[in-house]
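Chain residues, written in single-letter form:
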Amino acid sequence: MTLPESAPQAQALIQAIQTGDVSALALCLKQVDALSFRYVDTHGTHKSLLHAATDWPGHWPGLVQSIGLLVEAGADVNARAFKPDGEGASETPLHWAASSDDVLAIDTLIQHGADVEATGAVFTGGTPMSDAVIFRKWAAAQALLSHGAQLTAWQAAGVGSLSRMESLLGGTEQQERNVALWHACRSGHADCVARLLELGAEPDWLGPMGWTPRRAAQELGDARVLELLNGR
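Please read these numbers as outputs of a predicted model, since none were measured by experiment.

Participant: So what about the overall build of the protein chain? Which residues, and what values?
Facilitator: What the protein chain contains, in helices and strands, is 14 helices and three strands. In terms of overall dimensions, the protein chain has C-alpha extents of about 65 × 35 × 30 Å along its principal axes. Counting only residues that meet the buried cut, the protein chain has 52% of its 232 residues in that class. Taking the contacts inside the protein chain whose residues are at least 6 apart along the sequence as the reference set, 61% of them involve residues at least 24 apart. For the protein chain, the accessible area works out to roughly 10,400 Å², and carbon and sulfur atoms hold 51% of it. Taken as two groups, the 15 positive and 26 negative side-chain charges of the protein chain have centres that lie 5 Å from each other.

Participant: Lay out the packing of aromatic side chains with the relevant residues and their values.
Facilitator: Applying the stated criterion across every chain yields a total of one aromatic pair. Ring centres of Phe 123 and Phe 135 lie 6.1 Å apart, and the angle between their planes is 50 degrees; this geometry places the pair in the tilted category. On the criterion of sequence distance, the pair formed by Phe 123 in the loop between α6 (103-111) and α7 (128-134) and Phe 135 in the loop between α7 and α8 (138-146) is long-range, its members being twelve residues apart.

Participant: Describe the environment of Val 103, listing the residues and the values that go with them.
Facilitator: On the secondary structure map, Val 103 appears in helix α6. Along the backbone, Val 103 and Gly 58 are 45 residues apart, and their C-alpha atoms lie at a distance of 9.8 Å. Once residues within four sequence positions are removed from consideration, Val 103 is found in contact with Ala 139, Ala 140 and Ala 143.

Participant: Now, about the layout of surface pockets: what can you tell me, with residues and values included?
Facilitator: Approximately 300 Å³ is the volume attributed to the largest pocket. In terms of lining, the largest pocket is formed by 18 residues, of which the most central are Asp 55, Glu 91, Trp 96, Ser 99 and Val 122. Considering only residue class, the lining of the largest pocket consists of six nonpolar, six polar and six charged.

Participant: Mind laying out the packing of α6 against α8, listing which residues take part and the relevant values?
Facilitator: Closest axis-to-axis distance for the α6/α8 pair is 9 Å, and the angle between their directions is 25 degrees. By the angle class used here, α6 and α8 are roughly parallel. Handedness of the crossing formed by α6 with α8: right-handed. Residue-level contacts link Val 103, Ile 106, Asp 107 and Ile 110 of α6 to Ala 139, Ala 140, Ala 143 and Leu 144 of α8. For the contact of α6 with α8, a count of residues per class yields seven nonpolar, no polar and one charged.

About the criteria used
- Residues numbered from 1 in each chain as written.
- Predicted model: local features only at pLDDT ≥ 70, side-chain atom pairs only at ≥ 80, totals over all residues.
- Heavy atoms only, no water.
- Helix = DSSP H or I, 4+ residues; strand = E, 2+ residues; numbered from the N terminus.
- Buried < 20%, exposed > 50% of the residue type's maximum accessible area, 1.4 Å probe, protein only.
- Contact = heavy atoms within 4.5 Å.
- Areas by Shrake-Rupley, 256 points an atom, 1.4 Å probe, with all protein chains shown as cover.
- Lys, Arg positive; Asp, Glu negative; His and termini not counted.
- Charge placed at Lys NZ, Arg CZ, Asp CG, Glu CD.
- Phe/Tyr/Trp six-rings, centres within 6.5 Å; stacked < 30°, edge-to-face > 60°.
- 1 Å grid on protein atoms, 1.4 Å probe; cavity = no way out; pocket = protein on both sides within 12 Å on 5 of 7 lines; lining within 4 Å.
- Points joined across faces, edges and corners; volume = space filled by probe spheres on them.
- Nonpolar A, V, L, I, M, F, W, Y, C, P; charged D, E, K, R; others polar.
- Axes fitted to C-alpha atoms, helices over the stretch in contact; angles between N-to-C directions.
- Parallel < 35°, antiparallel > 145°, perpendicular 65-115°, else oblique.
- Left-handed = near helix turned anticlockwise from the far one by under 90°.

Here it is, written out as structure tokens:
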């Protein structure tokens, strides 16, 4: 069952989920198959009901109960948001919870079986951790780590895990060191920045958003990181 987001039945479901009205949600779910139900936004993205529970800005009231009710009704905790033409990301509800820094949603989804290593993140096609680091949602990143999420080198630099970053960078190409430096500068982890500079990462490499690592550090304004970069 696929309806426009503006359709009354879709609106009733979304409103019940995002206002925490569990009683209304239970009544609405009697009329739909939660597993196959999709609503389509104005950009043509098909979303599941669990995407409504994790949509921006997240942190909806009654979240634990709403997610529990949706899963009990058969909703797929690893459902994908997608466009029929294949364009754009194909994120799960856990990706969206990470993007919103919604730790309660992350914990609840994983409790119900969400895949912490599901791919499909916006920009990178990666896991929910990718979204957490890209959008600088550090509480979400730590929550994902507590559930066993893996890190890439640049993600480790973004969350400030020097030991993991070093172990993942062994034998990597210059590009990967530069990307790691960009994220370390953007998140203000001076120890990671210092090590990456020692490894030959380039402060003036042109990275995401058209920013160099130096520009990313300037935007953040971390004095220790800027001092390290200015020394180069």
